[in-house]
Amino acid sequence: MTRLIGILVGLVFTFVVLLAFVFGAWTFATEEVSPTAEHEFHLAPRHASYQFDGALGTWDYQQLQRGYQVYKEVCSACHSLKLVGLRNLAELGYTEAEVKAEAASWVVPGIDPVTGEASTRPGTPTDYFPSPYPNDVAAAAANNNAVPPDLSLITKARHHGTEYVRSLLTGYRNPDTFSVDGKRLKEEFPDFETPAGLHFNPYFPNLNLAMAPPLTTPGQVTYADGTDPTIEQMATDVSAFLTWTAEPTLVRRKQTGWPVLGFLLFATVLAWYAKKQVWAPVKPKKRKGAVTATATPGDHEA
Amino acid sequence: MSFPWAKAYEPKAPLMRFLDERLPLPRFVYNAVGAGYPVPRNLSYFWNFGILAGFCLVLQIVTGVVLAMHYSANALVAFNSVEHIMRDVNWGWMLRYAHANGASFFFVVVYIHIFRGLFYSSYKAPREMIWLLGVVIFLLMMATAFMGYVLPWGQMSFWGAKVITGLFGAIPLVGEPLQIWLLGGYAPDNAALNRFYSLHFLLPFVIAGVVILHIWALHIPGSSNPTGVEVKSESDTVPFHPYYTAKDGFGLGVFLIIYTLFVFFLPNALGHPDNYIPANPLSTPAHIVPEWYFWPFYAILRAFTSDFLLPAKLWGVLAMFSAILCWFFLPWLDRSPVRSGHYRPLFRKFFLFGLIPCMAVLFWCGGAPAEEPYVMLSQIATAYYFLHFLVILPIVSLVERPEPLPYSITDAVLGTPADDGTVKGHMIQGENARPAV
Amino acid sequence: MASTTGAAPDDAMTTDGDSGTHPVRRRDFINIAAVSAAGVGGLAVLYPLISQMAPSKDVLAESTTELDLSAIQPGQAVKAVFRKQPVFIRNLTPQEIAAADAVDVSSLRDPQTLAERTKAGHGNWLITMGVCTHLGCVPLGAGEGENKGEFGGYFCPCHGSHYDTAARIRKGPAPTNLLVPEYEFTTDTTVVIG
């Protein structure tokens, strides 16, 4: 009875899903799916290598400090970094005094100690990075209705986030001349338009990005360590910095992993030999083509 | 427990004797996973996954309780409290990655455990109750994992909660009120987050309770084994301790090495980047997918795209739930007298070349965007899924001629040479006579 | 028990290379080593599980409280917050200072002079934690009209500890004087605690 009902139910589901398959296949075969510009001309992030890559990666503190400078002087005009504390700058290799000075260079919201009204004050290490806009409505109003995302986790919130940020910052192109593998965007999709107020960037999923190119001229930031501030360099540095903000424990995580892994390998090898020892008396052994039995478990005193 | 030759617990130390007379906990452990539990001597490494699943449950409860000390279940701060754990709490990053990846590894282990049971027909008499309790555990795990994924309150959390509770909206008449009741609102918000948190904390302990029943039921007939032949004599078994404690110890080591690789070197490989974006009720991610362990069932849900008598959405929901619920009936659908797939040529072909590829396709399509050819592939795989469990299994068990079984586990292990030099056996489980030596 | 096929029992031991001499000892050694490794691993896991309960980085982050004292008149006191705990800032009157100085220090439970509990040049500013050293209640006496206890300083209502005008314990169960936090005057009227 169970089997009869089971077969019936199974056949019903199978019939319905195969019906859907036939309809789907018919649609697929008859209806032309027109390719979209987003599909054909979207680029995967360009590969780049960083010192923190790989299982043995470490932070390049000079690079993180340069990236912090780019964030501070360029990105922070529109993008917040809410989850990062100013005290965390100490992890970039700044001394305590430098952290205090850096913190004080940020203006954070506070209250007037006498009247209690909202005011501002210089930041202290216990503050978090201040946001450029008081709320999302203000952020949208100031940016053509597009809220600039918080950057704290941006490199974890995108596939290949570090390379994505770097590619995006350096990826602005002219849509009229843009081509991939010899195919020109304007020839394949003559109707493709970048609306006013948006900017063409093939690394952005829908190709038109609200953010204007933030890194426009080499030397936009003057690096204290004398590194040549090319656009490529600034983009690389800030993407490294944003990798740190997204996961400050990244290097520590990998460095913790090795001893744990080493210990587990050691323990597992021991466990393997222990298992072999325990099982040796009851394991059958093949010898000279014939199968020979060994003692049965009862013989063996564990 | 169940075999007359099982060693009886004899407390040696005075403290153990004292305890044994008052609260025989050591005796209980001795009989459950100690030397007092005789286990077939021929278990393969596929039999490690039960203990591993138990380990995963403990791992999840321990890391989860600890994370709960720092997490705040409030829609305003939930996302930030998770980042607080990642950044500020001592070892918080490790505990959270251990818990998130622990969930994935729990499912890896449990899927292998389930499919081992399917291949060796571990659901057959007298082990039906073990199997039924196992399916209950799997359902509870899915509920727990789903609610846990909502807690970080990222984009995937929010939209996952919305889409999955939306499934209940497909039920005729009561669907919509039911969905609103489940969420405590019209969209996931504080009410939903808080109840999910409460249940996410509770359910693992319910799972632990059902696991105890699962193991209890296991100890009545004893473990199955790769031949599917029941234990006949003491030489067929070895005591659980030290034989299987040693083997499980090694298996646990291998498991932990792979798990550690993910926790420390690829902690986000099994997650989705969108869940690092705070929940935004006004913007849906471009490509909503559940966690990978739900993909096969998500693919079945999406495979039903045409309204035949019932709305497609309802067909999808019915099929998705039936896909798991049909497992409850396996002991009565598959009536072959032989358990192990090793001795069932036809069943083995359907399992290895039908069910396994079908599951692979469902996994692949469930994680892919809802476009062709993925939908068509998942439709074929879904059709096979239902055919396999509900049609093929009952029919195969009627028409198949099983291969000869070994007389006993000992014979299978030692390869008892019969008169003509081949391993002799008989077809019908339980009726096979001792071959003449 | 006899093995099923009657194979020679000595075959069983051939995996142990040196089984003839120390089979038991070697087997025991590996088993003990494996179990010990599991034990060590288990203990190592306890470390993060325990230390996660210690104060997190944001709690430990150096916290300071800056206060403007210009509005506090002699005889008045205010409560401020330092590390989530109350701090009492009291502008002592000359009489209160005299009363505190008049006490024989050696008779005190926790001998300290008022000068030791204030900063040179700012002897009228008594800054202490508002946490009773007995069991952590907040003593009365900093607010307007509150019970200042028998010695005119602070009074803890929980178990009846009386502090004098230098916030020293004089009567009741508290073992020590109210704690003086680390602080410094950045100007004559601004103080930074912590």
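Residues numbered from 1 in each chain as written. Chains lettered and ligands numbered in written order. Predicted model: local features only at pLDDT ≥ 70, side-chain atom pairs only at ≥ 80, totals over all residues. Heavy atoms only, no water.

Draft legend 1. Up close: the overall build of chain A. Helix and strand counts for chain A stand at 9 helices and 8 strands. Since a compact globule built from 302 residues should have a radius of gyration of about 19 Å, the 30 Å found for chain A marks it as more spread out than a globular shape. Each of the 302 residues in chain A was classed as buried or not, and the buried ones make up 45%. By sequence separation, contacts in chain A at least 24 residues apart represent 63% of the contacts at least 6 residues apart. Summing over all exposed atoms, chain A offers an accessible surface of approximately 15500 Å²; the carbon and sulfur share of this is 60%. (Helix = DSSP H or I, 4+ residues; strand = E, 2+ residues; numbered from the N terminus. Rg over C-alpha atoms; globule rule 2.2 N^0.38 Å. Buried < 20%, exposed > 50% of the residue type's maximum accessible area, 1.4 Å probe, protein only. Contact = heavy atoms within 4.5 Å. Areas by Shrake-Rupley, 256 points an atom, 1.4 Å probe, with all protein chains shown as cover.)

Draft legend 2. Broad picture of the packing of helix 8 (residues 175-183) of chain B against helix 9 (residues 190-219) of chain B. Residues and elements named next belong to chain B. Interhelical geometry of helix 8 versus helix 9 gives an angle of 70° and a closest axis separation of 7 Å. Of the possible angle classes, the one that applies to helix 8 and helix 9 is roughly perpendicular. Counting all contacts with helix 8, which are made through Trp-181, Leu-182 and Leu-183, the residues of helix 9 involved are Ala-191, Ala-192 and Arg-195. For the contact of helix 8 with helix 9, a count of residues per class yields 5 nonpolar, no polar and 1 charged. (Axes fitted to C-alpha atoms, helices over the stretch in contact; angles between N-to-C directions. Parallel < 35°, antiparallel > 145°, perpendicular 65-115°, else oblique. Nonpolar A, V, L, I, M, F, W, Y, C, P; charged D, E, K, R; others polar.)

Draft legend 3. Focus on the interface of chain B and chain C. Contacts between the two partners involve 17 residues from chain B, matched on the other side by 13 residues from chain C. Both sides together, the interface formed by chain B and chain C hides about 1300 Å², and carbon and sulfur atoms give 64% of it. When the buried area of chain B at its contact with chain C is split by residue, Asp88(B), Asn90(B) and Trp91(B) rank highest and sum to 36% of it. The tally of links between chain B and chain C comes to 0 salt bridges. Along the contact surface separating chain B from chain C lie 7 residue pairs in polar contact (both at pLDDT 80 or more). Going through the elements one at a time, helix 3 (49-68), helix 4 (78-87), helix 5 (92-119) and helix 16 (409-414) of chain B are the ones with two or more residues in the side of chain B that touches chain C. Residues of the side of chain B that touches chain C, tallied by class, amount to 8 nonpolar, 4 polar and 5 charged. (Buried area = accessible area lost by both parts, 1.4 Å probe. Salt bridge = Lys/Arg side-chain N within 4 Å of Asp/Glu carboxyl O. Polar contact = N/O pair within 3.5 Å; in protein donor to acceptor, adjacent residues only side chain to side chain.)

Draft legend 4. Representation of the interface of chain A and chain B. Contacts between the two partners involve 61 residues from chain A, matched on the other side by 68 residues from chain B. Taken together, the two surfaces of chain A and chain B that pack against each other cover about 5500 Å², and 75% of this comes from carbon and sulfur. On the chain A side of the contact with chain B, Arg3(A), Phe13(A) and Trp279(A) bury the most area, a combined 13% of that side's loss. Applying the counting rule to chain A against chain B returns 1 salt bridge. The salt bridge partner of Asp88(B) is Arg87(A), with a shortest N-O separation of 3.4 Å. Inspection of the region where chain A meets chain B yields 12 residue pairs in polar contact (both at pLDDT 80 or more).

Draft legend 5. Molecular detail of helix 4 (residues 96-104) of chain A. Residues and elements named next belong to chain A. Within helix 4 the residues assigned to the buried category are Val-99, Glu-102 and Ala-103. Taken around the axis of helix 4, the buried residues stretch over an arc of 100°, which confines them to a single face. Looking at the buried positions of helix 4, the neighbouring elements they touch are helix 3 (61-73). (Arc of directions from axis to C-beta.)

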